[in-house]
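Letter by letter, the chains look like this.
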Amino acid sequence: MEVKKVMVIGAGQMGSGIAQVCAQAGYSVYMNDIKQEFVERGLGVIKKNLSRQVEKDRMSAEEMEGILARFTPSTTLQDASDVDLVIEAAVENMEIKSQIFSELDEIAPEHAILASNTSSLPITEIAAATNRPEKVIGMHFMNPVPVMKLVEIIRGLATADDVYTTIEEMTKNLRKVPVEVNDFPGFVSNRILMPMINEAIYTLYEGVASEEAIDEVMKLGMNHPMGPLTLADFIGLDTCLYIMETLHEGFGDDKYRPCPLLRKYVKAGWLGKKTGRGFYVYE
Ligand SMILES: CC(=O)CC(=O)SCCNC(=O)CCNC(=O)[C@H](O)C(C)(C)COP(=O)(O)OP(=O)(O)OC[C@H]1O[C@@H](n2cnc3c(N)ncnc32)[C@H](O)[C@@H]1OP(=O)(O)O
Ligand SMILES: NC(=O)C1=CN([C@@H]2O[C@H](COP(=O)(O)OP(=O)(O)OC[C@H]3O[C@@H](n4cnc5c(N)ncnc54)[C@H](OP(=O)(O)O)[C@@H]3O)[C@@H](O)[C@H]2O)C=CC1
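Conventions and cut-offs
- Residues numbered from 1 in each chain as written.
- Chains lettered and ligands numbered in written order.
- Predicted model: local features only at pLDDT ≥ 70, side-chain atom pairs only at ≥ 80, totals over all residues.
- Heavy atoms only, no water.
- UniProt positions renumbered as here; feature names shortened; annotations may be inferred.
- Domains from an automatic or database assignment.
- Contact = heavy atoms within 4.5 Å.
- Buried area = accessible area lost by both parts, 1.4 Å probe.
- Salt bridge = Lys/Arg side-chain N within 4 Å of Asp/Glu carboxyl O.
- Polar contact = N/O pair within 3.5 Å; in protein donor to acceptor, adjacent residues only side chain to side chain.
- Near = heavy atom within 4 Å.
- Areas by Shrake-Rupley, 256 points an atom, 1.4 Å probe, with all protein chains shown as cover.
- Helix = DSSP H or I, 4+ residues; strand = E, 2+ residues; numbered from the N terminus.
- Nonpolar A, V, L, I, M, F, W, Y, C, P; charged D, E, K, R; others polar.
- Buried < 20%, exposed > 50% of the residue type's maximum accessible area, 1.4 Å probe, protein only.
- Pairing = 2+ DSSP bridges.
- Axes fitted to C-alpha atoms, helices over the stretch in contact; angles between N-to-C directions.
- Parallel < 35°, antiparallel > 145°, perpendicular 65-115°, else oblique.

As annotated in an unreviewed UniProt entry, the chain carries the name 3-hydroxybutyryl-CoA dehydrogenase and comes from Cytobacillus horneckiae. UniProt lists a comment for the chain under the heading Sequence similarities (unreviewed entry), and it reads "Belongs to the 3-hydroxyacyl-CoA dehydrogenase family." Quoted verbatim from the Pathway (unreviewed entry) heading of the UniProt record, the comment on the chain is "Lipid metabolism; butanoate metabolism."

Following this line, the structure appears as structure tokens:
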């Protein structure tokens, strides 16, 4: 199947990045969020990213205008009635995602593929909210989307082979590298990454070292581009907590218990870079 028209749901940090790379690769994109101001904020981030490319002479102003012209702002899922693919990047919450997928199932054309950018939630369960589980798939981009090469593609229990192939091809068109994984909590990426971040938070919680010291050890000692606490702030502490809860519940193993300090920060509204405060304070 050929994908031409895409809807991206959620104009947050991931959704805006996904929408950007889709438009850059020539797809027409509905940028959808619940409120117009969120859509505008997402489009504003994209414009800023593209303008930087123009300033660096990597893209002409005409090319940028061409890319921006491929966007249609959207605040209703009804717009999905003429798309070939939906990529959902709303908040990491099963109830919200199931609701979105069940509505999309009613609206999107029969041939349309429904993909989720979920970090950890079971694709099979999201698919069960629809009458087309064979057309539901995980398309897990990494943050920041315009920079990171990986897309983890997750097959749900019922995902059809031709749907997998279409998404694999599209990923390559986006100039990303697809990696196929099966549907288990946290898939591969967050099953390995998030317990490391959670352990870094325990290390802070138990007073072993300061935020800066923990990050410095992992940056200089292990060559990580960002220390784990900076990375947690960058991902969003709410998202980190949801992922740990999914691992904890999904495996039923206490080795995945979220650190109480992570819970406390999320309850305080300290969600990291996006709210201006997490383990660090941002301007
Ligand atoms: C939670 C999940 O489900 C899965 C996840 O996504 S986990 C998170 C995965 N991501 C990571 O681990 C990121 C780790 N960090 C890094 O790789 C790097 O710190 C980084 C790429 C974010 C920044 O790199 P850096 O060298 O420190 O900074 P900087 O020089 O400013 O940026 C490098 C390039 O990235 C671009 N960039 C940085 N942040 C960007 C953003 N948010 N959006 C678009 N472009 C961005 C910069 O413009 C720059 O581009 P050029 O080289 O073309 O000029
Ligand atoms: N952060 C990361 O590093 C990564 C995150 N992901 C996944 O991507 C998804 C989005 O994460 P991220 O972009 O970081 O989160 P953000 O909080 O930045 O963005 C989420 C966006 O979705 C909107 N939203 C919430 N509910 C709905 C809805 N019902 N319909 C449409 N839009 C909605 C939010 O609006 P509002 O502001 O009103 O809540 C917000 O604009 C999550 O599933 C997350 O797990 C995947 C890879 C990496």
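Okay, back to it.
A.B. asks: Which residues make up the domain arrangement of the chain, and what are the values?
C.D. replies: Often, the extent of an interface is quoted as the loss of accessible area on bringing the components together. Partitioning the chain into structural domains gives domain 1 (5–182) and domain 2 (191–274). Relative placement of domain 1 and domain 2: their C-alpha centres are 26 Å apart. On the domain 2 side, the residues contacting the 8 residues of domain 1 number 7 residues. Taken as a group, Gln13, Glu92 and Ser120 account for 55% of the area that domain 1 buries against domain 2, more than any other trio of residues on that side. The interface formed by domain 1 and domain 2 includes 0 salt bridges. Joining domain 1 to domain 2, the criterion identifies 2 residue pairs in polar contact (both at pLDDT 80 or more).

A.B. asks: How would you sum up the site of ligand 1? Please name residues and give values.
C.D. replies: Close to ligand 1 lie 18 residues, the nearest being Lys56, Arg58, His140, Asn143 and Asn190. Between ligand 1 and the protein, one listed contact pairs an oxygen atom with a side-chain N or O atom of serine 119 at 2.9 Å. Notes on ligand 1: free accessible area 1000 Å², of which the protein chains cover 62%. Listing elements by their share of the shell around ligand 1, those giving two or more residues are α2 (36–55), α7 (189–205) and α9 (228–235). The residue inventory of the shell around ligand 1, partitioned by class, reads 10 nonpolar, 5 polar and 3 charged.

A.B. asks: Can you break down the pairing of strand β6 (residues 136–141) residue by residue, with the values?
C.D. replies: Judged by how many residues are buried, β6 sits mostly within the fold: 6 of 6 residues are covered. In the sheet, strand β5 (residues 113–116) pairs with β6 via 3 bridges, with the strands oriented parallel. Directly across from serine 116, in β6, lies its bridge partner glycine 138. Pairing of β6 with strand β7 (residues 150–155) involves 5 bridges; the strand directions are antiparallel. Among the inter-strand pairings, isoleucine 137 is bridged to a residue of β7, identified as arginine 155.

A.B. asks: Pulling in residues and values, what's your account of the UniProt feature "site: Important for catalytic activity" (unreviewed entry) in the chain?
C.D. replies: When the UniProt feature table is mapped onto this chain numbering, "site: Important for catalytic activity" (unreviewed entry) sits at His140. Given a relative accessible area of 4%, histidine 140 falls into the buried group. Residues in contact with histidine 140, not counting those within four places in the same chain, are Ser116, Asn117, Thr118, Ser119, Leu150, Val151, Glu152, Ile154, Phe187, Ser189 and Asn190. Among the polar contacts made by the side chain of histidine 140, one reaches the side chain of glutamate 152 at a distance of 2.8 Å.

A.B. asks: Tell me about the pattern of salt bridges, and please be specific about residues and values.
C.D. replies: Evaluated as defined, the whole model comprises 9 salt bridges. For the salt bridge of glutamate 92 with lysine 97, the shortest nitrogen-to-oxygen distance reads 3.8 Å. Its relative accessible area of 8% is what places glutamate 92 among the buried residues. The salt bridge involving glutamate 180 is made with arginine 155; its shortest N-O contact spans 2.7 Å. Note that glutamate 180 is positioned in strand β8 (residues 177–182) and arginine 155 in strand β7, a separation of 25 residues in sequence. Look at glutamate 180 and you get partly exposed, because its relative accessible area is 43%.

A.B. asks: Give me the lowdown on the packing of α7 against helix α11 (residues 260–268), citing residues and values where you can.
C.D. replies: At a closest axis distance of 8 Å, the pairing of α7 and α11 adopts a crossing angle of 90°. The angle between the axes of α7 and α11 places the two elements in the roughly perpendicular class. Together, Asn198, Ile201, Tyr202, Leu204 and Tyr205 of α7 and Pro260, Leu261 and Leu262 of α11 make up the contact between the two elements. When grouped by side-chain class, the residues that make up the contact of α7 with α11 number 7 nonpolar, 1 polar and no charged.

A.B. asks: Give a detailed account of the UniProt feature "domain: 3-hydroxyacyl-CoA dehydrogenase NAD binding" (unreviewed entry) in the chain, specifying residues and quantitative values.
C.D. replies: Summarizing the sequence annotation, UniProt attributes the feature "domain: 3-hydroxyacyl-CoA dehydrogenase NAD binding" (unreviewed entry) to residues 5–183 in the numbering used throughout. End-to-end, the C-alpha atoms of residues 5–183 are 26 Å apart, and along that stretch the chain is 40% helix and 22% strand.

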